[in-house]
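Structural features, examined
Here is how the chains run, residue by residue.
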Amino acid sequence: KAAKLDPTLAEAYYALGDVYFDNDKRSDTIRSLKRFLKSNPKNLRLKVNAYRMLWETYKARRKKRDACGAAREYLDLLPPGDAARGGAERFLWSC
């Protein structure tokens with residue numbers, strides 16, 4: 001609830017998730033980024049990056065269903081023709 005009332009708290013969850021991701025702490029990454037996304041963030045750049053990190057984290061944990069869902073969300077937010085789409089599009093062929 002606090003993250004919904006104060007967007008800076010939501011961004012703190014993102015920042016934590018980013019640090020956990022960089023340090024390969026997968027469970028903490030997932031927990032923090034899901035909290036961030038649950039707060040319905042307005043910052044599109046952070047939202048896109050959160051789904052990318054979730055996709056990569058789920059993929060590393062071999063959680064294919066979750067990885068597919070995060071990759072779809074990631075692609076839905078990226079503009080057509082964005083160079084970053086390639087990896088997610090290729091991955092979705094296996095979903």
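Heads up: the structure comes first, above all this text.
Residues numbered from 1 in each chain as written. Predicted model: local features only at pLDDT ≥ 70, side-chain atom pairs only at ≥ 80, totals over all residues. Heavy atoms only, no water.

Details of the pattern of salt bridges
Per the stated rule, a full pass over the model turns up four salt bridges. In this structure, E89 engages R85 in a salt bridge whose closest nitrogen and oxygen atoms are separated by 3.0 Å. Taken together, the residues E89 and R85, both in helix α6 (residues 85-92) and four residues apart, mark about one turn of the helix. Exposure remark for R85: the relative accessible area of 14% places this residue in the buried category. (Salt bridge = Lys/Arg side-chain N within 4 Å of Asp/Glu carboxyl O. Helix = DSSP H or I, 4+ residues; strand = E, 2+ residues; numbered from the N terminus. Buried < 20%, exposed > 50% of the residue type's maximum accessible area, 1.4 Å probe, protein only.)

Details of the state of the cysteines
The term disulfide refers to a covalent linkage connecting the sulfur atoms of a pair of cysteines. Using the criterion set out here, one finds one disulfide in the structure. Two residues, C68 and C95, share a disulfide whose sulfurs are 1.9 Å apart. Note on the C68 and C95 pair: the S-S dihedral is about -95 degrees, so by sign convention the disulfide is left-handed. On the criterion of sequence distance, the pair formed by C68 in helix α5 (residues 64-77) and C95 in the segment after α6 is long-range, its members being 27 residues apart. (Disulfide = S-S within 2.5 Å.)

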